[in-house]
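Below, each chain spelled out in residue letters.
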Amino acid sequence: MKPCTFEYYKPSSMEEALDLMHQYGGEAKILAGGQSLVPAMNFRLATPGILIDINGLQDLSYIKEHRKHGVLIGAMARYSELEKSDVVAKKCPLLHETIPYIAHPQIRNRGTMGGSLVHADPAAELPAVMLALDASLRLRNKDGERVVAITDFFTGMFGTAMKEDEILTEVAIPHMPKRYGFAFDEVSRRHGDYAMVGVAVSLNVDRKGRCEKGKIVFFSVGDAPVFAEKASQLLDKQNVSEELLENIANVASSEDIEPGSDIHASADYRRHLAKVLTKKTLKRAFDKALA
Amino acid sequence: MATRYFGQRIRRNEDPRLLTGQALFTDDVNLPNTLHVAFYRSDYAHGKILSIDTEEAKKRPGVIGVYTAEDLGDYWQRGPLLVPPPPIKDIVFNERTQVPLAKDKICHAGEAVVMVVAESRYIAEDAVEDIEVDIDFLDAVVDIEKAMTDESPLVHDDIEKNIAAHVVQEKGSYSSIRDKAHTVISRKFIYDRGTAAAMENRGVVANWDERNQQLTVWDTTQAPIPIRNGLAAMLGLSQSQVRVIAPFIGGGFGPKIMMFYPEEVLIPWVSKQLKRPVKWIEDREENFFSTTHERGQVHEAEIAVAEDGKILGIHDVFVHDAGAYAPYGLTVPINSQCTLLGCYDVPNYYSEFTAVFTNKPIVTPYRGAGRQHGVFVMERLLDLAAQKLGMTPVEIRRKNFIPQDAFPYDNEIIYQDFSPLVYDSGNYEPALKRAVELIEYDKFIKEEQPRLLQEGKRVGIGIVSYVEGTGIGPYEGAKVSIDPSGKVSLVTGIGTQGQGHFTSFAQIVSEVLDVPVEDVRVVTGDTLEFGWGAGTFASRGAVVAGSACHEAALAVKKKIHKLASEILEASEDDLEVSGGNVQVKGVPDTAISLGELAAKANPLRGAVKPGTEPGLEATSYFGPSRGTTASGVHAMIVSVDPETFLVNIERYIVVHDCGRVINPMILDGQIQGGVAQGIGNAFYEQLFFDENGQLLNASFMDYLLPTSLDVPKIEGDHIETPSPLNPLGVKGAGEAGAIPVGALYAQAIENAFHDCNLEILEIPLSPNRLYEIISQNKTKEQI
Amino acid sequence: MKLEGEFTFKGSREEVWDLLQDPDVLITALPGAKKMEKTEEDKYEAEMEVKVGPVSGSFSSKIQLSDKVEPESYTMVVNGKGKSGFVKGKAQISLEEKTESETLMKYAADLQVGGKLASVGQRLLDTVGKSMARQSLESMNAALEHQIDPRAKTEYIPPSQVKFAVGVAKDVAEDSVKNPMFWGILGVVGVGIAAVIWYFVK
């Protein structure tokens, strides 16, 4: 399991990095945390001729709060930094709750927010959580910059809307509304394994406890994170109740997702888990919102 | 008599080196000028090789040699049959062993076809990608029951119905009692494949020294001596020209006792061809394909019991997955056949098995070596019978245990060492009783479980028992000598893969010579230091090599007495060896240190009398006539999440009897490790093959090993029923932890759903599988 | 792995049939197709470079057609081999007339994936297969719409790696297109081969 030969560049500034991307674009791969890329290279399933190591770009690694835009997270922020961040704990509690589920501490010390989103593994936690939070992504190339809404970002199996010469630089998560509730859960064989099914829920209620806006997002049930549209719509203006949760869980698991089968979980079992998790997370989210 | 070293929890001699990275493993061997090897391995599981094009590979800079089966010339030959068929009446045995490089046919995915030697492993792997092998795809033989049908493709064209072997063993007459039984339970049981997944993969470093005409091989083998002998024969060298060293090894577990793996025979050969050191270290992906597996069997078994639960007889017909080749003979299925009888008095037994070839990697023993299948079938049959009769699992086992006074107990069938399966000693009831106490079995059933069920929790309890044949022959040897410094040197032929031989064997010698354990320097697994013996397998190290160490130490002690009696002019009976000295009893002024005595035993002047040897050194061998039977009881409490079907072990108890215990701390480690592998085998680890013989989980992402979060701390106790078959009274314990865990999971999970008519007849299990089984068995009550 | 599905093309059966014969269209639907060659009657060889995320692999494929019933149905057998594994497939394709301007294509493919793709990528096989089948068919449908009404303002953007492929296809087209089956098959071959799985270890 030795990789094929490759050329290696380590730019020390964003300008340099963008130049390299402009020059090599499609042939190159960005090396951030390397926790997905390097094993793929060692298996010789990924054979990029060129690696551009952006670990030297210090100004891409930040977590800060912006009055208007919400929480801004630099693409090179490591999972472990997000885990320890007070800003994330206070202002993005859904993200805070999710991080311990991601792989293992050693991997979290290296892996990055940006890497997870760009890699777009259908079983990854962060893409689903960002989708639940309506995040937006800042993409840069040599010619300029653009902002893409998360709902337009994931295009399919490991696919994103990024152009060949673009680098993801920042993720913006809007401020939480009032009376906010959230929950995250996943079922995996062992702690740290790929989830068989996972759910992220983000909602808020009005003064009477009725849901104003709710989003249920699944992962590991398709080729990208799946926004459970039909089920989420059923939350609209509803108070929490056992029947509501049961109904939404049924709709989510039978109509909103098309899970596949693999050796660990059949599609049937995945649907069952999706139903179980939807109920649990919705209940927790409502509890928090109503508190 | 109180012992000073034997039986003590002494810290291991080898740990400081291991923990500080100072121990030598095979990959640590770095000789100048070393070449590196990678293999082209087949993607297809079954196919005819049409052509092999290595031209591009040869041209790549840094590539020194590219070899196919053709290029090996006369050296290409099938591996030896390591274990011949046992002397059982009417046995059918179709021998077929592995080849170093595939010649005309591919028989399993991952089979090596071309060997590339290059300046680095990176270049070697690049060159492997340059190779084009044209293989005509053939349908694969994967399902072991279908393998025997007329329509099945043939793994080996000349072996009909893929039958590797057919064996029937009988005791009494099952057919004559069947109709007299009160209850007959018959079921089909399935046990599926897994791999040992040792922390260290295999590796071979070979160095042919042309000037000295010597070959040195470092090999992650559990059997350096047979490898030395085999390589010498194959390469046309004398045994004294070949030195095989099994250095520290990161876990053996059985697959490393498989001998004459393709890489093992090719690396030394190519080093001799190229006259340079050559290294091959297996990577994890290769390990899934080219290191042996174990565990696939399907049983159709039946138990006939009387109304009071007494076993009248057992009838078992099973199919065993041998893999593409069967170099290890029938060790695994014979173990299944024999271990099924367990701790129980089974007056009538009919056991028939067919071993079949399949287009999957080779099957050879892996910790338990076929015993788990036998235990699974027997324990499940007992549990099902108990349910039918309204007895508890504890009661039915107690009813059928072989009583303490019935030993030696002859089971009248042949065991893996070709001797009759005679249990030398055993005392099963106390272990069961102790386990029931420790886990508070009755309290759980009467109070805890109903309370938890009220809360909607599914928690179950299980208890199983088994025997394990250990310490089989042929023999092992040891050499003890006392150094003029007073330190003791102990050398034995078997190797060590982490089980603590450097300490436990030292303790045995320390006990005899009364020298501190850390002053006994142990060497294992180096054929230059000791060239006679078999290897580390079948839980025999402590019993056989340990006994040899004991005998050698006694022989040295005799020499001490003899020489000291001459020097001190006292009778041998008046002398005592203690505290590193020998002296006349009660007269400390006469004390001579053992080191000084050793120096005197090697005179520079004077003569060595005829019939004596210089020094205080002795070599002894120990060869038991047959194995000695260890036994144990495992119990556990598990909780099953009724929504996700994830399982958590709340408590795990092991009460084990391996005779006298040399080092309780090391024994605990063996048990803990064995149970961890048993847990993996029962609930996490399963090799999935598709209908084309493709392995679908050849990485630790998808082949799930239990982690520290999944394995509980084992609580337990020991019973000591000494073995009458060796001077130490010890029995083996290496595999015990792993054997009954599958049966335990099945019983405990069924118990968690005791109101649901659940039957678990297969291993491994998983949350997905439990979801399927339990959904199919739903009662009116919501689960 | 079984891949089954239906897809409604916005065209008559004959138009769809012709579409499936058009090398330019089909190459665009197959990401990474670089070379195609007819070796014998009903036998073809193709080279494809498939990319999913950062993982890529080249495959040499042999394709064989049989059981042709124009313009209703045919069978296609594919054998693709590459460094990261192999894909073998057998597909049954049928075209049914839904309305005058709509054709229902039904496909039932049995795919076997082996080598590293299977042993390290099994987690994704099912999903990628379905996903790529859908994408390929949507792409072909867009091409069909564009071809039927070239005046349509809808801009048809073929998937990437097309320029080279189209160039190659033109050279090859003259020979290969004699057999109407080939391109229909190639479409499904693309589906089949495109079910190559790419995997990442976390």
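Bear in mind the structure is a predicted one, so any value in this text is a computation, not a measurement.

Peer 1: Give a description of the overall build of chain A that names residues and reports values.
Peer 2: The secondary structure content of chain A amounts to eleven helices and 14 strands. Taking 291 residues into account, the globule formula puts the C-alpha radius of gyration at 19 Å, and chain A, at 19 Å, falls close to it. Within chain A, contacts between residues separated by at least 24 positions form 63% of all contacts whose residues are at least 6 apart in sequence.

Peer 1: Any chance you could break down the interface of chain C and chain B for me, citing the residues and the numbers?
Peer 2: In this complex, chain C contributes twelve residues to the contact, which on the side of chain B involves twelve residues. The element best represented in the side of chain C that touches chain B is helix 3 (residues 116–148) of chain C, accounting for five residues. Of the residues that constitute the side of chain C that touches chain B, the class distribution is four nonpolar, six polar and two charged.

Peer 1: Which residues make up the UniProt feature "domain: FAD-binding PCMH-type" (unreviewed entry) in chain A, and what values do they have?
Peer 2: Annotation from UniProt places "domain: FAD-binding PCMH-type" (unreviewed entry) at residues 1–178 of chain A. Structurally, residues 1–178 of chain A is divided into 31% helix and 25% strand, and its ends, taken at the C-alpha atoms, are 51 Å apart.

Peer 1: Run through the interface of chain A and chain C, naming residues and quoting values.
Peer 2: In many reports, interface size means the accessible area that the parts give up when they come together. In this assembly, 27 residues from chain A lie in contact with 21 residues from chain C. Per-element accounting of the side of chain A that touches chain C gives the leading share, three residues, to helix 2 (residues 37–42) of chain A. A per-class count over the side of chain A that touches chain C returns 14 nonpolar, nine polar and four charged.

Peer 1: Explain the domain arrangement of chain B residue by residue, including any values.
Peer 2: Residues and elements named next belong to chain B. The domains assigned to chain B are domain 1 (31–138 + 202–281), domain 2 (372–471 + 627–776) and domain 3 (473–622). On a C-alpha basis, the centroid separation for the pair domain 1 and domain 2 is 38 Å. Counting residues at the interface gives seven residues for domain 1 and six residues for domain 2. Looking at side-chain class alone, the side of domain 1 that touches domain 2 contains five nonpolar, two polar and no charged residues.

Peer 1: Report on the domain arrangement of chain A, specifying residues and quantitative values.
Peer 2: Residues and elements named next belong to chain A. Examined at the domain level, chain A breaks down into domain 1 (7–52), domain 2 (60–173) and domain 3 (180–290). Counting from both sides, the interface comprises 21 residues of domain 2 and, opposite them, 20 residues of domain 3. Broken down by secondary-structure element, the contributors of at least two residues to the side of domain 2 that touches domain 3 are helix 5 (93–98), helix 8 (125–132) and strand 8 (154–156). Grouping the constituent residues of the side of domain 2 that touches domain 3 by class yields 16 nonpolar, three polar and two charged.

Peer 1: Now, about helix 1 (residues 14–24) of chain A: what can you tell me, with residues and values included?
Peer 2: Residues and elements named next belong to chain A. For helix 1, every residue scored as buried is listed here: Ala17, Leu20 and Met21. Taken end-on, helix 1 shows its buried residues confined to a sector of 100 degrees, consistent with a single buried face. On its buried face, helix 1 sits against strand 1 (7–9), strand 2 (28–31), strand 3 (50–53), strand 6 (136–141) and strand 10 (167–173). The first or second residue beyond helix 1 is Gly25, which carries a positive phi of 30 degrees.

Peer 1: Run through the environment of Asp383(B), naming residues and quoting values.
Peer 2: All names here are of chain B. Within the secondary structure layout, Asp383 lies in helix 9 (residues 371–389). Sequence separation of Asp383 and Val464 is 81 residues, and the distance between their C-alpha atoms is 9.4 Å. Apart from residues lying up to four places away in sequence, Asp383 is in contact with Pro393 and Gln747.

Peer 1: I'd like a description of the pairing of strand 25 (residues 575–578) of chain B, backed by residues and values.
Peer 2: Residues and elements named next belong to chain B. Relative to strand 26 (residues 581–584), strand 25 runs antiparallel, the two sharing four bridges. Residue Leu575 lies in a different strand from strand 26, and its bridge partner there is Val584. If you look at the hairpin formed by strand 25 and strand 26, you'll find two residues sitting between the two strands, and Gly579 has a positive phi there, around 60 degrees.

What counts, and where the lines are drawn
Residues numbered from 1 in each chain as written. Chains lettered and ligands numbered in written order. Predicted model: local features only at pLDDT ≥ 70, side-chain atom pairs only at ≥ 80, totals over all residues. Helix = DSSP H or I, 4+ residues; strand = E, 2+ residues; numbered from the N terminus. Rg over C-alpha atoms; globule rule 2.2 N^0.38 Å. Contact = placed C-beta atoms within 7 Å. Nonpolar A, V, L, I, M, F, W, Y, C, P; charged D, E, K, R; others polar. UniProt positions renumbered as here; feature names shortened; annotations may be inferred. Domains from an automatic or database assignment. Buried ≥ 20, exposed ≤ 12 C-beta atoms within 10 Å, placed from the backbone. Arc of directions from axis to C-beta. Pairing = 2+ DSSP bridges.

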